[in-house]
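Listed below, chain by chain, are the residues.
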Amino acid sequence: MSCPSSKQQGLEIASNEQTPDRASDVAFSSMPTMHINEQVGSGFDDTAVDVGGRSFSKWCPEPIAYAGSSKMYIDGFLPFHQVEGFARKKLFAPYWPIEAVNDALEKGEAFKALFRVNAHNRLEAYCKIDGVPTDVLINGVFLQNRAVEGDIVVIKVDPLGLWTKMKGSNGSSNNSAQVEDCNLVQEVNGLAGNSYKGKGKLHADCEYADCRSGVLLGKGFYDETQVTRTEANNHVNGHHQSNSDSLHMGLFPGQNEGINSADRLAVMTSQFPLKRPTGRVLAIVKKSLRRDAIVGFLNVKQWFSYRELNTKDAKKNSAIFDREYVTLTPTDPRFPTMIVFVRDLPDCIKKRLEDGDVTIEMELLAAQIEDWSAESPFPQARVSHSFGRSGLLEPQINAILYQNAIHSTDFPQVLSCLPNIPWEIPPEEYQTRKDLRDLCVFTIDSSTAHDLDDALSVEKLSKDSFRVGVHIADVSYFVLPNTALDIEAEIRSTSVYLLQRKIPMLPSLLSENLGSLNPGVDRLAFSMFWELNSMGEVLDRWIGRTVIRSCCKLSYQHAQDIIQGIIDVEKFNTLEGYPQLNGQFELKDVIRSVKCLHEISKTLKEKRFNDGALQLESSKVVYVFDEDGVPYDSRLSERMDSNFLVEEFMLLANRTAAEVISKAFPNNALLRRHPEPNMRKLKEFEAFCCKYGLALDISSSGQFRQSLEKIQEKLKDDSVLFDIIISYASKPMQLATYFCSGDLKDNLNDCGHYGLAVPLYTHFTSPLRRYPDIVVHRTLAAVIEAEELYLQQSGLLKVNKGKEVSRGFTGIYFDKEAAASPQGKEALSIAALKYGIPSPELLADVAAYCNERKLASRYAEDACEKLYMWVLLKKKEIERRIYYDEVEGLTVEWLESTSTLVLNLSGHKRLFKRGGLGNYMALGNVAWVVSPCDLSLETVSIEDHDATCMENGGIAFPDLEPISKSWVDPGIFPLMVRLLSTIPVALNAIGGDDGPLEIGVRLYVSSYFK
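What counts and what doesn't
- Residues numbered from 1 in each chain as written.
- Predicted model: local features only at pLDDT ≥ 70, side-chain atom pairs only at ≥ 80, totals over all residues.
- Heavy atoms only, no water.
- Helix = DSSP H or I, 4+ residues; strand = E, 2+ residues; numbered from the N terminus.
- Buried < 20%, exposed > 50% of the residue type's maximum accessible area, 1.4 Å probe, protein only.
- Areas by Shrake-Rupley, 256 points an atom, 1.4 Å probe, with all protein chains shown as cover.
- Salt bridge = Lys/Arg side-chain N within 4 Å of Asp/Glu carboxyl O.
- Contact = heavy atoms within 4.5 Å.
- Pairing = 2+ DSSP bridges.
- Axes fitted to C-alpha atoms, helices over the stretch in contact; angles between N-to-C directions.

Trainee: Give a detailed account of the overall build of the chain, specifying residues and quantitative values.
Mentor: The number of helices and strands found in the chain is 28 helices and 37 strands. Burial statistics for the chain: of 1010 residues in total, 56% are counted as buried. Carbon and sulfur atoms provide 50% of the accessible area of the chain, an area that totals close to 44,500 Å².

Below is the structure:
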């Protein structure tokens, strides 16, 4: 194990200024237009921690106090002998025995759920119960009962009377009385038997607060462990008096019969939409993999002080050293502070600690949670190794990969599964596949892509009909089931793209050579052909395994230039950087094909939108890197027509594959679903738009899209506000997930894809970078094989020799009778066995694992984008910053649903600091503020303020004259954004060597001073 020294060489990200946490610091996720480190469609509400009206960055020190001591330790060393005092008292309720858990689950008195923590307030966790639209809140450290992010837990839902108010309803948030872990201090003291003032007070917004049916201790204290222990014992003894009967509350007579507990809970949440169910954790049934992938910082300064004070005692008693520990602060704010025993540290880190090396606090460390006993307020962790200095790029990237369990090693052990190069297609493949080498086929991909999954072709059949072909690399030919290569691909599940680095799912020998549809070479493919009329309707189709030879590799920019007429036959030879043609085809063939495909794609897109599809498009930040891979600039990029061209045909291919495999194998098809949005959040978005005079129809995905198009037209002069609207629109959206068709055969309405407005969908077009596509390829190959076997067994091939045979399994019309016949069943069974089609149970496990890996790759990609933005901001120098509380009349409103800060300037209200008059500065003295819809300022009186606001949709500024009519953008443009297009703000880098990376938001002050 290597242990980098504190003087590790590399790219040092240095900062010339200290940036303390201020009320003006807002976590990076508050910037919706950037879409970085943002959890779209998450199952819980992301909120900033709000203390006395001040918004704090989501990473902050955790104050910790202990019984018998008035001293509070913050993120540092806590003397071991004080902790030992807690060993005499259990702080957490014991976990229920497995028998009690199973009994409660069977009776519907408890629910199994995924435990997710609010990244902005770790005291809030949310559990999603299948069939219940609203997540259950687990509020507070002790009700969470040692569960951590990603655990599968068993929870008990509280009676209706204990449910809390939903955020955004009349009243404060349910956690306003509990902010960060300062309340852990109070809870620990209370359970340890120490009295203190104020603990017995109930939550101001909840009539019942935390007075669940526990045992009161002294004045206002409550021991949940006693009642939980009793409940568990009663379960085992078989005479438990269920509290879940309270779920019947609110149901009408006769509704209870035939309704299970989840359904009853769903009915109750719909009847009380302003109430959120609450509960507590009874047991952890599956520990999260994230427990073994903790990244954090050691806090050693207070340990040094303690050792210095107790050196003499330590020399007398060597056992003292064995019980000493330091604390570790995870970079992920969803995880609690952890205890690390000094004796368990790696030798190289322990030696630096003993030598008094304080720079160890600047290093990112890998750790694993080993234990969290009921007697300890914090989990015990073990540090395995150091990534290096936090201010360096490489350690940060390695930590991101480790945190998300992404394999980045090479593939030496699986290369034996692949043929040696040079490799040629075996002769028998030409005999069993359709030969398409004389067809004009080409790829359109990014200019830097080397793994070419897909290619396109088009033929004109008549005046208004075309045959369009999509050709996908036949990766399943090389990746056979249950081989070492297949196992490795499944473990990785997806390729991960980290801007400057790609971590492939498959070896480059396969992904960039043997399987990639490179131009000028013969390649194996799966091909789909559709005969389309001028209306975009499919008249017929053919699906099969083929051999193709791509004639050209086009980039998206090449295709865009062809669409726009920039490239033509005359100009082609004079332009540099354009690809070479291979084979017998000429440039005019490629140009004609691209233009024809573009027109067809527009028809298909219009038809898809008319059928109700939804699309949320926004700009993306693209970084410019130097030769060392360090970002030095950025720009905003939007997708081009050429991107949409390719997308449209890939969507058609995926839909076709889903239809074919689900009909042939109704219980064994790997599909992809996108649930309807969270209705509560969607209505909040509707109310938000209404507030700003923007009409929104959320009755269907199609109406939703049309409303957004009208809003875009209305805000055509305010693109930033529209970006924020689009970001807000994505918040209610849920994540699309893979699933086994057999799991939802009785609930076909849940199989659909909301965003695409189609009943069935899957992934078929990217087998070089997604494992689910390989599974779908195998299933599709089995359908094709079964179709051939059935035709042979039925004698149809002999009867129709030389003629096109009607294909009942892959054709446009599925022959149910043929599939259900003895010959059809036998053919499907033989083909399924040959291609290794998984059983429904195994396929469900594959789907769940792929969902997990897909989410992890997304987290890693977002974290990497955030890292590069942090580096870019760290290199920029901003002239000056002001804070919200320094400006006269400026108020701040935090929009939870959009993670957006709305700044308002009031001319009616004068604010004063405690120091007296004159401490607030006028906004006009420090910043030039622009109006949202009209960048020219208007001078109005205070009396006209409200009217002007209504007209402009923004804010008015009395007696404010700009110094100059020309606006000078900050140096970090386009990272400069306008929150709701009102006041210019700037992003700034926080942390690095002194803590987790964070990106804050500050008011930007230009050089316009009076």
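Now that the structure is up, let's keep going.
Trainee: So what's going on with the pattern of salt bridges? Residues and values would help.
Mentor: For the structure shown, the criterion picks out 42 salt bridges. Connected through shared salt-bridge partners, Arg 116, Glu 149, Arg 290, Asp 332 and Arg 334 make up one network.

Trainee: Break down the environment of Ala 147 for me, with residues and values.
Mentor: Inspection of the secondary structure assignment puts Ala 147 in the loop between α3 (141-144) and β8 (152-157). Residues Ala 147 and Ser 288, spaced 141 residues apart in sequence, show a C-alpha to C-alpha distance of 9.1 Å. Sequence-distant contacts of Ala 147, defined by excluding residues within four places in its chain, comprise Tyr 95, Phe 115, Val 153, Val 281, Ile 284 and Arg 291.

Trainee: Report on the side chain of Thr 810, specifying residues and quantitative values.
Mentor: Within the element layout of this structure, Thr 810 appears in the loop between α23 (796-799) and α24 (816-820). In contact with Thr 810, not counting residues within four places along its chain, are Arg 541, Ile 543, Val 660, Val 783, Ile 784 and Glu 787.

Trainee: Report on the side chain of Thr 134, specifying residues and quantitative values.
Mentor: Along the polypeptide, Thr 134 turns up in the loop between β6 (124-128) and β7 (136-139). When sequence neighbours within four positions are dropped, the list of residues in contact with Thr 134 reads Met 166, Thr 269, Arg 276 and Pro 277.

Trainee: Give a detailed account of the sheet that holds β8, specifying residues and quantitative values.
Mentor: In sheet architecture, strand pairing relies on hydrogen bonds along the backbone and comes in two forms, parallel and antiparallel. The strand order across the open sheet formed by five strands is β7-β6-β5-β8-β13, and the pairing between neighbours is antiparallel. In this open sheet, the two strands that pair with only one neighbour each are β7 and β13 (279-286). Sheet twist, expressed as the average angle between the axes of neighbouring strands with direction ignored, equals 40°. In this structure, β6 lies alongside β7, joined through four bridges in antiparallel fashion.

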